[in-house]
Amino acid sequence: MEQNIKECANCHKVLPADYAYNICPKCKEDELFSRVKDYIRTHEVNEYMVANEFQIPLRKVRGWIKEGRIEYVDKDTRIVGTKCQRCGKPVTFGMLCPDCMRLLNYSNKKIQIVSDQDRKDAGKMRFLE
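These numbers come from a predicted model, not from an experiment. (Residues numbered from 1 in each chain as written. Predicted model: local features only at pLDDT ≥ 70, side-chain atom pairs only at ≥ 80, totals over all residues. Heavy atoms only, no water.)

Undergrad: Would you mind going over the overall build of the protein in detail, with residue names and values included?
TA: Broken down by element type, the protein carries 4 helices and 2 strands. Ordered by position from the N terminus, the helices and strands of the protein form the series β-β-α-α-α-α. Residues counted as buried form 25% of the 129 residues belonging to the protein. In the protein, the proportion of contacts linking residues at least 24 apart, taken out of those at least 6 apart, comes to 24%. Taken as a whole, the protein presents about 10,200 Å² of accessible surface, with 51% of it coming from carbon and sulfur. (Helix = DSSP H or I, 4+ residues; strand = E, 2+ residues; numbered from the N terminus. Buried < 20%, exposed > 50% of the residue type's maximum accessible area, 1.4 Å probe, protein only. Contact = heavy atoms within 4.5 Å. Areas by Shrake-Rupley, 256 points an atom, 1.4 Å probe, with all protein chains shown as cover.)

Here it is in structure tokens:
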């Protein structure tokens with residue numbers, strides 16, 4: 001290999017010669033997520049505590065929650081602002097609530113994802129029957 005070319009120590013992807021680290025950004029992200037996952041397994045924490053412990057943006061932790069990579073164990077704990085993108089119910093991980101996920105899995109119909117502005121009853125009170 002030439003002197004001015006570096007490669008990632010994990011995946012062997014070619015890196016720019018002036019790149020500051022010995023692993024690529026993707027491997028760095030995977031390594032961080034692995035450390036976060038181990039930390040979550042051994043500590044009772046929420047997303048704020050994880051972001052603070054690892055000095056990472058809260059949006060990164062919430063992104064992993066939305067991707068379904070991590071979730072809350074306690075079903076009564078909800079993440080502020082994380083709602084099912086189909087029906088608006090609070091969710092503990094991912095972008096769909098369990099009911100909408102089941103509907104998606106057992107139906108041939110496509111689920112329409114709507115925003116809060118598109119939902120006609122967003123922000124209004126209603127009676128439950």
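Having seen it, we continue.
Undergrad: How would you sum up the packing of aromatic side chains? Please name residues and give values.
TA: Any aromatic ring pair is given by two values, namely how distant the centres are and how the planes are angled relative to each other. Applying the stated criterion across every chain, the model contains 3 aromatic pairs. Taking the centre distance of 5.4 Å and the plane angle of 85 degrees together, the rings of Tyr39 and Phe54 count as edge-to-face. Of this pair, Tyr39 sits in helix 1 (residues 25-42) while Phe54 sits in helix 2 (residues 47-54), placing them 15 residues apart in sequence. Take Tyr39 and Phe54: they sit in the same class, and that class is buried. The positively charged end of Lys28 is found above the aromatic ring belonging to Tyr21, 3.3 Å away from the centroid. Directly above the aromatic system of Phe33 lies the positively charged group of Arg69, at a separation of 3.8 Å from the ring centroid. (Phe/Tyr/Trp six-rings, centres within 6.5 Å; stacked < 30°, edge-to-face > 60°. Lys NZ or Arg CZ within 6 Å of the ring centre and 35° of its normal.)

Undergrad: So what about helix 1? Which residues, and what values?
TA: The terminal C-alpha atoms of helix 1, which comprises 18 residues, lie 26 Å apart, in line with the 26 Å expected from a rise of 1.5 Å per residue. Taken residue by residue, helix 1 has Cys27, Leu32, Phe33, Val36 and Tyr39 as its buried positions. Summarising the contacts, the buried residues of helix 1 are in contact with helix 2 and helix 3 (58-66). (Expected span 1.5 Å × (residues − 1).)

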